Amino acid sequence: MIGDRIAEVKEQIRLRCEKSNRDPSEVTLIAVSKTKPLSMITEAMESGQAEFGENKVQEMCEKAAQLDGQPVHWHLIGHLQSNKVKKAVSVAELIHSVDSLSLAQEIDKYAAKAGKCQDILLEVNVADEESKFGLKPDEVIPLVKEIAGLKNLRLRGLMTVAPYTDDAETNRPYFRALHDLMVDINKKNIDNISVDILSMGMSGDYGVAVEEGATHVRVGTYLFGERDYSK
Ligand SMILES: *Cc1c(COP(=O)(O)O)cnc(C)c1O
C-alpha cells in the first residue's frame, strides 16, 4: 500500500522531469513520516525508501534509535530550537530549516564537538507569509556570507514551505524564485560556497516544484495518509 504510493510519486517525478528536461536521478523523494508510527516507516523501507523527514527533533531521535543500524537517512524539516541542536546534529543527515546566524553558529559548535561536518539548508519564506518560519529572500545572501566561515557546516542549498493551496500552479512563482535565489548565491562566488540542493514541494505541489528545479521533495500525506494531531 505505502509501496504503491511511493511508486506513484516516483512515476510522477519521472514524468515531470521528462517534461522539464531533467534527469529523475536528480530528485530525491523524502518520505515525511512525522506523527506516523514506526511500522509505516518500516513498510516504506521495504520498498527501498531510505530518506525520511521529521519536523520534531525528539520524534526523529526516537525513531532513529529504534531503527539504529538500518540504512535510513534522516532529514530535519521543522523549526529547530537552539536547545535541541545537539540532538539534531547527532541524527540528522540534512537540516533543512536553518533561518538565523545564531542557529547556524550553534549547529557549527555541536557539529565540531561531534567531529562532523553538518549539511544544512537555509529556509526561505519566499511567499512572505506571516505565519511561516524562514528568512526573507533579501536576508539570504548576507547570511550566506556570514556562515561561509563556519568550518563544521556545509551549506548545501535552500528550502521553502510554499503556501497551502488547492492549485499547485499558484506556487510555481515561489518555486521559481527559490531556484533563482540559488543561482544568485552561486554567482556571488563566496568562498567555500557552492549550493545545489533545492528542497521544495509537498504532497499537493511537488510536481510543479520538480518542474521548477526541486532536488528534494518532501511528501507526507500522499504516502502515509492524513495526520491526526488530536492525540
Ligand atoms: C509536514 C511537512 C511536509 C509534508 O507535507 P504533506 O503535505 O503532508 O506532504 C513537508 N515539509 C514540511 C516542512 C512539513 O512540515
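For the structure given in this document, a descriptive report is provided here. Being a predicted model, the structure only gives us computed values, none of them experimental. (Residues numbered from 1 in each chain as written. Predicted model: local features only at pLDDT ≥ 70, side-chain atom pairs only at ≥ 80, totals over all residues. Heavy atoms only, no water.)

Of the two faces of strand β2 (residues 51-54), the one lined by Glu 51 and Gly 53 and the one lined by Phe 52 and Glu 54 are each fully buried. Where strand β1 (residues 28-32) and β2 come together, 2 bridges link them in parallel fashion. Among the inter-strand pairings, Ala 31 is bridged to a residue of β2, identified as Phe 52. Read from β1 through helix α2 (residues 38-46) to β2, the crossover connection turns out right-handed. In terms of strand pairing, β2 meets strand β3 (residues 73-76) through 4 bridges, oriented parallel. (Buried < 20%, exposed > 50% of the residue type's maximum accessible area, 1.4 Å probe, protein only. Helix = DSSP H or I, 4+ residues; strand = E, 2+ residues; numbered from the N terminus. Pairing = 2+ DSSP bridges. Right-handed = clockwise from strand over helix to strand, strands pointing away.)

Let us now look at the site of the ligand. Around the ligand, the surrounding shell consists of Val 32, Lys 34, Ile 77, Met 159, Val 161, Met 202, Ser 203, Arg 218, Val 219, Gly 220, Thr 221 and Arg 227. Within the contact set of the ligand, a nitrogen atom lies 2.8 Å away from a side-chain nitrogen or oxygen of Arg 218. A distance of 2.5 Å is found between an oxygen atom of the ligand and a side-chain nitrogen or oxygen belonging to Thr 221. Here the ligand, which alone exposes 390 Å², has 88% of that area covered by the protein. Structurally, the ligand is housed in the largest pocket. Classifying every residue of the shell around the ligand by side-chain character gives 6 nonpolar, 3 polar and 3 charged. (Near = heavy atom within 4 Å. Polar contact = N/O pair within 3.5 Å; in protein donor to acceptor, adjacent residues only side chain to side chain. Areas by Shrake-Rupley, 256 points an atom, 1.4 Å probe, with all protein chains shown as cover. 1 Å grid on protein atoms, 1.4 Å probe; cavity = no way out; pocket = protein on both sides within 12 Å on 5 of 7 lines; lining within 4 Å. Sits in = over half its atoms within 2 Å of the grid points. Nonpolar A, V, L, I, M, F, W, Y, C, P; charged D, E, K, R; others polar.)

Here we take up helix α5 (residues 101-113). Given a rise of 1.5 Å per residue, 13 residues ought to cover 18 Å, and the 19 Å separating the end C-alpha atoms of α5 matches this to within 8%. Turning to α5, its buried residues are Leu 103, Ala 104, Ile 107, Asp 108, Tyr 110 and Ala 111. Positive backbone phi, at 65 degrees, marks Gly 115, one or two positions downstream of α5. (Expected span 1.5 Å × (residues − 1).)

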